Amino acid sequence: MKKSHPIRRVVLAGAATVSGIVLLLSLKPSTDPTSAQAAGAAPQAGAAAQESPQGGTAQQTGTQTVTGSVVQTEYGNVQVQITMADGKITKAAAVQAPKGGTSDQKTALAVPKLNQEAVAKQSADIDVVSTATYTSNGYKQSLQSAIDKAKAAAPAASASSGSSDSGSTQARTVTGDVAQTTYGNVQVRLTLSGDKITKAEAVQAPSGGTSDQKTALAVPKLNQEVVTAQSADIDAVSTATYTSNGYKQSLQSALDKAGV
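Given the structure is predicted, the values throughout are model-derived calculations rather than measurements.

About the thresholds
Residues numbered from 1 in each chain as written. Predicted model: local features only at pLDDT ≥ 70, side-chain atom pairs only at ≥ 80, totals over all residues. Heavy atoms only, no water. Helix = DSSP H or I, 4+ residues; strand = E, 2+ residues; numbered from the N terminus. Buried < 20%, exposed > 50% of the residue type's maximum accessible area, 1.4 Å probe, protein only. Areas by Shrake-Rupley, 256 points an atom, 1.4 Å probe, with all protein chains shown as cover. Expected span 1.5 Å × (residues − 1). Contact = heavy atoms within 4.5 Å. Salt bridge = Lys/Arg side-chain N within 4 Å of Asp/Glu carboxyl O. pLDDT = per-residue confidence, 0-100. Axes fitted to C-alpha atoms, helices over the stretch in contact; angles between N-to-C directions. Left-handed = near helix turned anticlockwise from the far one by under 90°. Nonpolar A, V, L, I, M, F, W, Y, C, P; charged D, E, K, R; others polar. Pairing = 2+ DSSP bridges. 1 Å grid on protein atoms, 1.4 Å probe; cavity = no way out; pocket = protein on both sides within 12 Å on 5 of 7 lines; lining within 4 Å. Points joined across faces, edges and corners; volume = space filled by probe spheres on them.

1. Some details on the overall build of the protein
(1) Moving on: For the protein, the helix and strand inventory stands at six helices and eight strands.
(2) Moving on: Going residue by residue from the N terminus, the α and β elements of the protein occur as α-α-β-β-β-β-α-α-β-β-β-β-α-α.
(3) Moving on: In the protein, buried positions account for 31% of the 260 residues.
(4) Moving on: Carbon and sulfur atoms provide 54% of the accessible area of the protein, an area that totals close to 16,000 Å².

2. A closer look at helix α5 (residues 210-229)
(1) Moving on: Compared with an ideal rise of 1.5 Å per residue, which puts 20 residues at 28 Å, α5 spans 28 Å between its outermost C-alpha atoms and is within 8% of the ideal.
(2) Moving on: Taken as a whole, α5 has its buried residues at S211, T215, A218, V219, L222, N223 and V226.
(3) Moving on: Residues of α5 that are buried make contact with β7 (184-193), β8 (196-204) and α6 (241-258).
(4) Moving on: Looking one or two residues past α5, Q230 carries a phi angle of roughly 60 degrees, positive in sign.

3. So, the pattern of salt bridges
(1) Moving on: Within this structure, the stated rule accounts for four salt bridges.
(2) Moving on: For E201, the salt bridge identified is with K149, shortest N-O distance 3.4 Å. Remark: K149 occurs in helix α4 (residues 133-162) and E201 occurs in strand β8; sequence separation between them is 52 residues.
(3) Moving on: D195 serves as the salt-bridge partner of R172, at 3.8 Å between the closest nitrogen and oxygen. Residue R172 is found in strand β5 (residues 171-175), and its partner D195 is found in the loop between β7 and β8; the two are separated by 23 residues along the sequence.
(4) Moving on: On the basis of relative accessibility, which here comes to 31%, the residue R172 falls in the partly exposed class.

4. Description of the confidence of the model for the protein
(1) Moving on: For the protein, mean pLDDT is 78; residues scoring 70 or higher make up 70% of the total.
(2) Moving on: Here residues 27-60 scores under 50 on pLDDT; set against residues more than four positions off or in separate chains, the count is zero contacts.

5. Considering helix α3 (residues 102-121)
(1) Moving on: Compared with an ideal rise of 1.5 Å per residue, which puts 20 residues at 28 Å, α3 spans 28 Å between its outermost C-alpha atoms and is within 8% of the ideal.
(2) Moving on: Considered for burial, the residues of α3 that qualify are S103, T107, A110, V111, L114, N115 and A118.
(3) Moving on: Downstream of α3 by one or two residues, Q122 has phi in the positive range, about 60 degrees.

6. Re the packing of α5 against α6
(1) Moving on: Where α5 meets α6, the closest approach of the two axes is 11 Å, and the angle between their N-to-C directions is 40 degrees. As α5 runs across α6, the sense of the crossing is right-handed. In this structure, α5 contributes L222, N223 and V226 to the contact, and α6 contributes S244, Y247 and L251.
(2) Moving on: For the contact of α5 with α6, the class distribution of residues is four nonpolar, two polar and no charged.

7. Description of the pairing of strand β4 (residues 88-96)
(1) Moving on: Pairing between strand β3 (residues 76-85) and β4: seven bridges, direction antiparallel. Among the inter-strand pairings, M84 is bridged to a residue of β4, identified as I89.
(2) Moving on: The antiparallel hairpin formed by β3 and β4 contains two residues in its connecting segment, where D86 sits at a positive phi of about 55 degrees.

8. Topic: the layout of surface pockets
Picture a little ball the size of a water molecule; that probe, rolled over the atoms, points out where space is still empty.
(1) Moving on: Taken as a whole, the second largest pocket spans an internal volume of roughly 290 Å³.
(2) Moving on: Surrounding the second largest pocket, 18 residues form its lining, V70, Q72, A202, A205 and T215 being those nearest its centre.
(3) Moving on: Counting only elements with at least two residues in the lining of the second largest pocket, the list comes to β2 (71-73), α4, β8 and α5.
(4) Moving on: It is α5 that provides the largest number of residues to the lining of the second largest pocket, a total of six residues.
(5) Moving on: For the lining of the second largest pocket, the class distribution of residues is nine nonpolar, eight polar and one charged.

9. Remarks on the environment of V128
(1) Moving on: By the secondary structure assignment, V128 is in the loop between α3 and α4.
(2) Moving on: A residue is classified by how much of its surface remains accessible, and V128, at 36% relative accessible area, is partly exposed.
(3) Moving on: With 14 residues separating them in the primary sequence, V128 and L114 have C-alpha atoms 8.0 Å apart.
(4) Moving on: Look past the residues within four positions of V128 in its chain and what remains in contact with it is T133, S136, N137 and K140.

See below:
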């Protein structure tokens, strides 16, 4: 048998190694460009996805917060505040609610549900929480007044933002300090356009017993007189002297805050 020469084996092994290297080099260019392109496409897609929401946020209008009137219930006052964006309720909260005794538990259970429903329903047509009927009804009334105020303010705000007239004014709301009287607290809120009072309302007034009747008779007259007189120089209602005096005090503080 003829033996193979050692040098020949070395030459053959070297040739096989070189062939393998050449084969690998020939395959690499066909795969790398594709991988590099795929790696570069992902960051570009991510950047595009982030850019779009930023542009949308820039186009959104500002939010407004509106507080409804105080509603007096058998177990305490209820007052609702809503936050709106583009005419939509984004948040609801009870800034006043019955408290003390069992009212604490009922309020803690009912108010979060009512807040959630106000946002979900986008109206005051929400269900009463059976364990807190008085609070629920008071909540709905105050919520409705807040929605009404927001709707009333929207046209004025739109007209102001869309007008090029430098003399145009925007409606604003100012709430006076609470005035304490013998029969209960009185607090007045004004709506003004420029320096002119367009609306006056009592967000707090004496309640309970004969105070309910006196408040119901006196407050509408006082509200009307404020708009007519455009000042705190209004006549007291003879059947509700304490309420009238408290009203005038809170009214004056609202005027002072408004700078009128």
